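Coordinates in review
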Amino acid sequence: MAKIEFEERDLHAQVPDLAAGGAWTRVRLRWRRDPLTGASARILTGVKLQPATRTDLAGLTAKPAFCPFDSEHLETATVPFPAELTAEGRIREGRAVVVPNILAYATHSAVGIYDPGRHFLDLDELTPSLVGDTLTAMVRHARAVRHLDPAAAWSSVNANYLPPSGSSLIHPHVQSTHDACGLTSQRFLVGQGQAWQEENGSYWTALVDQEAGGPRWVGHTGRVAWLTPFAPGGFHEVWAVVTGAADVTDLTEQDTRALGQGLSRVLAAYRDWNLASFNFAVIGGGPRAREHGHQVVLKVISRSNPDPVYRSDATCFERLYAEALIDLSPEEVAAGVRPRF
Ligand SMILES: [Zn+2]
């Protein structure tokens, strides 16, 4: 199996040091390239962007008069799935409920609510069972979709949490995409994995083998490997690789439980770092996932805190150049999360 080459360069930056009367001082600025996608990231020096205190979420997350995901409104504000898709109507697992999405952005899409009984769940309240059960129910929906419409072979399960992440509803939830087109980075990731596979075998197997026990390694839950990416695309980014599952529909109940367990630990670490908002993506490998050596990858990143006038973490570099500027290195993130595993 070929060794993955992690390319890092020092960009030799010098800045005026105001504490030293403006004297030009060399600072560490590392440029890194993701070995699979070629996407580069810059690891800055210092932790200027880390929130020193936690945003008060009380006002933003107070229970409103009406929320469609609250248990007292859920039955009237949401619609069951059609009988041709599932006999379950609304798909339930533990406290989690999965219902049809009313916003069309993929041929098939569901919304999964972790707990209709709680309008808001803080990061440390997203327990392994709430997250695991929600993912279990989302996978059950994904399998029903695939059975009904095999052409909808590009699948993902995703989360926006609080407005800075793009979420329009406060009530914590996840949402899926299933269609014949997939998403830009999803297709690209799988395509690059295919090219790697033809030369060297599965990239994801090699990545886990090579990173295990190293500075970016976090740990295992079940057959899920947790690590931080060498060249992150977002802040505090953590990845989970599900060994042996090529597509969302391949995830077993053990896998969704293991993903829930690990994600819950990562989000608790985010809470300890005064973070409040996040996105995650569970990325399926599309119609030829198995032959391309894809393994289901979960990526989770933190987002800006929902302060009244907050600084977005997506600058021109991230949005227009697809190049992340990161102030806390992947190795530091891994060291912070690892003790929870
Ligand atoms: Zn609610």
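What comes next is a walk through the structure. If you're wondering where the values come from, they're calculated on a predicted model, not measured in any experiment. (Residues numbered from 1 in each chain as written. Predicted model: local features only at pLDDT ≥ 70, side-chain atom pairs only at ≥ 80, totals over all residues.)

Before going further, it helps to examine the overall build of the protein. Helix and strand counts for the protein stand at 8 helices and 16 strands. Relative to the globule expectation of 20 Å for 341 residues, the C-alpha radius of gyration of the protein, 20 Å, shows essentially globular dimensions. When the 341 residues of the protein are sorted by exposure, 43% land in the buried category. Nonlocal contacts in the protein, meaning residues at least 24 apart in sequence, comprise 70% of its contacts between residues at least 6 apart. (Helix = DSSP H or I, 4+ residues; strand = E, 2+ residues; numbered from the N terminus. Rg over C-alpha atoms; globule rule 2.2 N^0.38 Å. Buried ≥ 20, exposed ≤ 12 C-beta atoms within 10 Å, placed from the backbone. Contact = placed C-beta atoms within 7 Å.)

One open sheet accounts for 4 strands, arranged β1-β4-β5-β16; its pairing is mixed. In this open sheet, the two strands that pair with only one neighbour each are β1 (7-10) and β16 (324-326). Taken pair by pair, the neighbouring strands of this sheet meet at an average axis angle of 25°, ignoring direction. Both strand β5 (residues 40-43) and β16 contribute to a ladder of 3 bridges, which runs parallel. By the bridge assignment for β16, Arg42 is matched with Leu325. (Pairing = 2+ DSSP bridges. Axes fitted to C-alpha atoms, helices over the stretch in contact; angles between N-to-C directions.)

This part takes up the nonpolar core. Soluble globular proteins: nonpolar side chains tend toward being buried together. Counting residues in each nonpolar core, the largest one holds 81 residues, and the members touching the most others are Val98, Met138, Ala240, Val241 and Val296. The biggest single contributor to this core is helix α3 (residues 128-148), with 9 residues. Apart from residues lying up to four places away in sequence, Val98 is in contact with Arg90, Ile91, Ala110, Val111, Gly112, Ala137, Met138 and His141. (Core = buried A, V, L, I, M, F, W, Y, C linked by C-beta atoms within 7 Å.)

Right, let's get into the sheet that holds strand β6 (residues 91-93). Spatially, the 10 strands line up as an open sheet ordered β6-β7-β8-β10-β9-β14-β15-β13-β12-β11, and their pairing is antiparallel. Edge positions in the sheet fall to β6 and β11 (217-221), since each of these pairs with one other strand and no more. Mean inter-strand twist for the sheet, computed between neighbouring axes without regard to direction, equals 15°. In terms of strand pairing, β11 meets strand β12 (residues 224-227) through 4 bridges, oriented antiparallel. Within the sheet, the bridge partner assigned to Trp217 lies in β12 and is Leu227.

This next bit is on unusual backbone geometry. Positive phi is not limited to glycine here, since Leu162 has a value of about 70°. Position of Leu162 relative to the elements: it lies in the loop between β9 (154-161) and β10 (173-179). Judged by the 23 C-beta atoms lying within 10 Å of it, Leu162 falls in the buried class. The backbone phi angle of His236 is positive, close to 50°, even though this residue is not glycine. Looking at where His236 falls in the secondary structure, it is placed in strand β13 (residues 235-242). Look at His236 and you get buried, because 24 C-beta atoms sit within 10 Å.

To continue, consider the pairing of strand β8 (residues 110-113). Judged by which residues are buried, β8 turns out to be covered on both faces: Ala110 and Gly112 on one side and Val111 and Ile113 on the other are all buried. One ladder, built from 4 bridges, connects strand β7 (residues 96-100) with β8; its direction is antiparallel. Its bridge partner lying in β8, Val97 is registered against Ile113.

Let us now look at the environment of Asn305. Within the secondary structure layout, Asn305 lies in the loop between β15 (296-303) and α7 (316-321). Residue classification places Asn305 among the partly exposed positions, given that 19 C-beta atoms sit within 10 Å. Residues Asn305 and Pro164, 141 residues apart in the sequence, show an inter-C-alpha distance of 6.8 Å. Setting aside residues no more than four positions away along its own chain, Asn305 makes contact with Pro51, Thr55, Pro164, Leu275, Ala276, Ser277 and Tyr310.

With that out of the way, let us pick up the pairing of strand β14 (residues 277-283). Among the 7 residues in β14, 5 count as buried, and that is most of the element. As judged from the 6 bridges shared by β9 and β14, these two strands associate in the antiparallel manner. For Asn158, the partnering residue across the bridge sits in β14 and is Ala281. Sheet analysis places β14 next to β15, joined by 7 bridges and oriented antiparallel. Residue pairing across strands places Ala281 opposite Lys299, the latter belonging to β15.

Given a rise of 1.5 Å per residue, 17 residues ought to cover 24 Å, and the 24 Å separating the end C-alpha atoms of helix α4 (residues 184-200) matches this to within 8%. Considering only its buried residues, α4 is in contact with β9, α5 (203-211) and β14. (Expected span 1.5 Å × (residues − 1).)

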